[in-house]
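One-letter residues, chain by chain:
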Amino acid sequence: MSTHIAAQAGEIAPTVLMPGDPLRAKFIAENFLEDAKLYNSVRNAFGYTGTYKGQPISVQASGMGIPSISIYANELMRDYDVQNLIRVGTAGGMSPDIHVRDIVIGMGASTDSGIIQTTFGAGLYYAPIANYELLSSAVETAKEKGLNYHVGNVLSADRFYNEEIDNVKLVDYGVMAVEMEMAALYMLAAKYNRRALGILSISDHLVTGEATTAQERETGLGQMIELALDSVVKTL
Ligand code: HPA
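Anyway, here's the lowdown on the structure attached to this text. (Residues numbered from 1 in each chain as written. Predicted model: local features only at pLDDT ≥ 70, side-chain atom pairs only at ≥ 80, totals over all residues. Heavy atoms only, no water.)

1. With respect to the nonpolar core
Membership of the largest hydrophobic core comes to 71 residues, with the highest contact counts inside it found for Ile12, Leu17, Leu76, Ile105, Leu197 and Ile199. Residue contacts for leucine 197: discarding those within four places in its chain leaves Leu85, Ile86, Arg87, Ile105, Gly106, Ala130, Leu134, Leu135, Ala138, Leu185 and Tyr186. Judged by nonpolar contacts, the second largest core, of 6 residues, contains Met94, Leu155, Ala157 and Leu170. (Core = buried A, V, L, I, M, F, W, Y, C linked by side-chain atoms within 4.5 Å. Buried < 20%, exposed > 50% of the residue type's maximum accessible area, 1.4 Å probe, protein only. Contact = heavy atoms within 4.5 Å.)

Quick look at the structure:
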């Protein structure tokens, strides 16, 4: 047991997929894992462990935003010795080169959150980055699968509704898409010396207003989940 996760020691696999939405965790467990068993329902933040291609894999809902994912990532690494954490989520496209249903693999995660300053102090601008082994395996696997994918800088925003942020400037500086969790996952994984990666499916576009239907979102999510699972098992 940890503060927010009710699993016993050994019930969580060393590799964990982290969607934001608890119902997506359930969907992944039921549709992509074999013999998945629920280990957590505290706060309905569902967590399951099963197998994928013979490897033990867990899926743990992170909730939305940096404070929420930080709670689950900290406890997974500190209390359950989790080694590989892969965020699978949706993001809003920012760059005109990104389209809905595309996949964005986060090489780095910029953020307007206070986590960098409250961790390192004012004046130090730590760069949260992906684990290179997981990143390169995901890129290789995305290529093999013929997916429409992009690799680069993502914005982990503190606010979903933010009229003050300069999206044009961020795009000029190479930011591809916006979500709300990746920077914390990358920074905490570095702290614990574990491996983390974020793989995103573009659900909407901030500039063009492009949006996905529920059906298209499901297809996009399936591609992202298979990419996450197939690429991480190659590294185990
Ligand atoms: N902003 C933040 N997170 C998101 C968005 C967005 O527009 N779309 C999907 N996740």
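The structure having been displayed, the exposition proceeds.
2. Thoughts on the pairing of strand β8 (residues 175–179)
Among the 5 residues of β8, 5 are classified as buried, and the element is accordingly described as predominantly covered. Pairing between strand β5 (residues 84–93) and β8: 2 bridges, direction antiparallel. Bridged to glycine 92 within β8 is valine 178. In this sheet, β8 lies alongside strand β7 (residues 149–156) in parallel orientation, the contact comprising 4 bridges. When the sheet's bridge partners are listed, asparagine 153 is paired in β8 with valine 175. Crossover β7 to β8 through helix α5 (residues 167–172) is right-handed. (Helix = DSSP H or I, 4+ residues; strand = E, 2+ residues; numbered from the N terminus. Pairing = 2+ DSSP bridges. Right-handed = clockwise from strand over helix to strand, strands pointing away.)

3. Structural notes on the side chain of serine 95
Inspection of the secondary structure puts serine 95 in the loop between β5 and β6 (103–111). From its side chain, serine 95 meets the backbone nitrogen of aspartate 97 in a polar contact 3.0 Å long. Not counting chain neighbours up to four residues away, the residues in contact with serine 95 comprise Val171, Val175, Met176 and His205. (Polar contact = N/O pair within 3.5 Å; in protein donor to acceptor, adjacent residues only side chain to side chain.)

4. A short note on the pattern of salt bridges
On inspection of all chains with the given rule, the structure shows 11 salt bridges. Arginine 78 serves as the salt-bridge partner of aspartate 79, at 2.9 Å between the closest nitrogen and oxygen. A salt bridge links lysine 145 to aspartate 230; the nearest nitrogen and oxygen atoms lie 2.7 Å apart. Here aspartate 230 lies in helix α7 (residues 214–233) and lysine 145 lies in the loop between α4 (132–144) and β7, a separation of 85 residues in the sequence. Take aspartate 230: its relative accessible area is 10%, and that puts it in the buried class. Through salt bridges with shared partners, one network takes in Lys53, Lys145 and Asp230. (Salt bridge = Lys/Arg side-chain N within 4 Å of Asp/Glu carboxyl O.)

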